[in-house]
Amino acid sequence: MPPAIRVRAYHPEDAPALLAVFRDSVRRSAHQDYTPEQLAAWAPDQMDERAWAERRASRPTWVAEVEGVPVGFSDLEADGHLDMLYVAADYQGRGVASALLDAVLSAARTQGLECVFTEASLTAKSFFERRGFRVLQAQQVRRLGQSLVNFRMVREAKHAKPPA
């Protein structure tokens, strides 16, 4: 039986581990959809760690742990924007992203939000579609001189699970 996934609230001391999860997820999981240059722009070696920690603390953020180790995280802004949902490459396909999304959707319902929206990468698009999100539009975003495609997606917040 696989180890249990525990989702909990973010703590300031989680910031370095979540930055490592972010880089691992982008660099190891998105390489089939983006070039090395795009990945380096998306998750650069040099990032402002203080700004990263402040961003995590500025909104509700959830951390997924397996055996006490942070393996994923997600957040939700007050307007329903799910800005980040990342899972370490070795833990993808094990229900971590789904557990995090369930926490986000539960919080959205509690806050009375009508919908949750995100900008999903090529890599994450199918996950969000399976969980009831629909594409509003494809878009190009610029990061450190690189153009990356992603998808604006939305889902009603009232459904705990995607429609059958």
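Data block above holds the structure.
These remarks concern the structure in this document. Since the model is a prediction, treat every value here as computed from it, not as a measurement.

Comments concerning the layout of surface pockets
Inference 1: By volume, the largest pocket amounts to about 910 Å³.
Inference 2: Lining the largest pocket are 40 residues, with Trp42, Leu85, Tyr86, Ser121 and Ala124 positioned closest to its centre.
Inference 3: Looking at side-chain class alone, the lining of the largest pocket contains 22 nonpolar, 11 polar and 7 charged residues.

A short note on the packing of aromatic side chains
Inference 1: Across all of its chains, the model carries 7 aromatic pairs by this definition.
Inference 2: With a centroid separation of 4.9 Å and 85° between ring planes, the pair formed by phenylalanine 22 and tyrosine 86 is classed as edge-to-face. Within this pair, whereas phenylalanine 22 is found in helix α1 (residues 15-29), its partner tyrosine 86 is found in strand β4 (residues 85-87), the two being separated by 64 residues in sequence.
Inference 3: We classify phenylalanine 22 as buried; its relative accessible area is 3%.
Inference 4: The exposure class of tyrosine 86 is buried, given its relative accessible area of 13%.
Inference 5: The structure contains a cluster of three or more aromatic residues connected by ring pairs, namely Phe22, Trp52, Phe73 and Tyr86.
Inference 6: When the ring centre of tryptophan 52 is taken as origin, the NZ or CZ atom of arginine 56, which lies over that ring, is 4.8 Å away.
Inference 7: Its end group placed over the ring of tyrosine 91, arginine 94 keeps NZ or CZ at 5.0 Å from the ring centre.

What to know about the packing of α1 against helix α3 (residues 49-57)
Inference 1: The interhelical angle for the contact between α1 and α3, taken along N-to-C directions, is 100°, at an axis separation of 10 Å. Relative to α3, the element α1 is oriented roughly perpendicular. Facing α1, whose interface residues are Ala15, Leu18, Leu19 and Phe22, α3 presents Glu49, Trp52, Ala53 and Arg56.
Inference 2: Looking at side-chain class alone, the contact of α1 with α3 contains 6 nonpolar, no polar and 2 charged residues.

As for the pattern of salt bridges
Inference 1: A complete count under the given rule lists 15 salt bridges for this structure.
Inference 2: Aspartate 45 is the partner of arginine 27 in a salt bridge, and the nearest nitrogen-oxygen pair spans 2.7 Å. Of this pair, arginine 27 sits in helix α1 while aspartate 45 sits in the loop between α2 (36-42) and α3, and the two are 18 residues apart along the sequence.
Inference 3: On the basis of relative accessible area, aspartate 45 is assigned to the exposed category, the value being 58%.
Inference 4: Glutamate 54 is paired through a salt bridge with arginine 50; the nearest N and O atoms lie 3.5 Å apart. Of the two residues, glutamate 54 and arginine 50 both sit in helix α3, 4 residues apart, roughly one turn of that helix.
Inference 5: Relative accessible area serves as the criterion here: at 48%, glutamate 54 is assigned to the partly exposed category.
Inference 6: By relative accessible area, which is 64% here, arginine 50 ends up exposed.
Inference 7: Overlapping salt bridges, with partners in common, bring together Arg55, Arg56, Arg59, Asp75, Glu77 and Asp83 in one network.

Cut-off values and rules
Each chain carries its own residue numbering, running from 1 in the direction its sequence is written. Local features are withheld for residues below a pLDDT of 70 in this predicted model, meaning they are given only at 70 or higher, and side-chain atom pairs are given and counted only at 80 or more; totals for whole chains, interfaces and linings count all residues. Heavy atoms from the whole structure form the basis of all side-chain values; hydrogens and water molecules are not counted. The rule is simple: put a 1 Å grid over the protein atoms alone, call a set of points where a 1.4 Å probe fits but cannot get out a cavity, call an open set with protein on both sides within 12 Å along at least five of seven lines a pocket, and count a residue as lining if it has an atom within 4 Å of a point. Grid points are joined across faces, edges and corners, and a volume is the space filled by probe spheres set on the points. When residues are grouped by polarity, Ala, Val, Leu, Ile, Met, Phe, Trp, Tyr, Cys and Pro land in nonpolar, Asp, Glu, Lys and Arg in charged, and all others, Gly among them, in polar. Only Phe, Tyr and Trp rings take part, Trp by its six-membered ring, and two of them pair if their centres are within 6.5 Å. Stacked means planes under 30 degrees apart, edge-to-face means over 60, and tilted covers everything else. Under the DSSP-based scheme used, a helix requires at least four consecutive residues in state H or I and a strand at least two consecutive residues in state E, with every element numbered from the N terminus. Only protein chains enter the accessibility calculation, which uses a 1.4 Å probe. A residue is then buried if its area is under 20% of the maximum for its type, exposed if over 50%, and partly exposed in between. In this analysis the charged atom, NZ for Lys or CZ for Arg, is taken to sit over a ring once it is within 6 Å of the ring centre and within 35 degrees of the ring normal. The axes are straight lines fitted to the C-alpha atoms, using for helices just the contacting stretch, and the angles between their N-to-C directions are given from 0 to 180°. The scheme is simple: roughly parallel for angles under 35 degrees, roughly antiparallel for over 145, roughly perpendicular for 65 to 115, oblique for anything else. Here, two residues are considered to be in contact whenever any of their heavy atoms come within 4.5 Å of each other. In what follows, salt bridge is the name for a side-chain nitrogen of Lys or Arg lying within 4 Å of a carboxyl oxygen of Asp or Glu.

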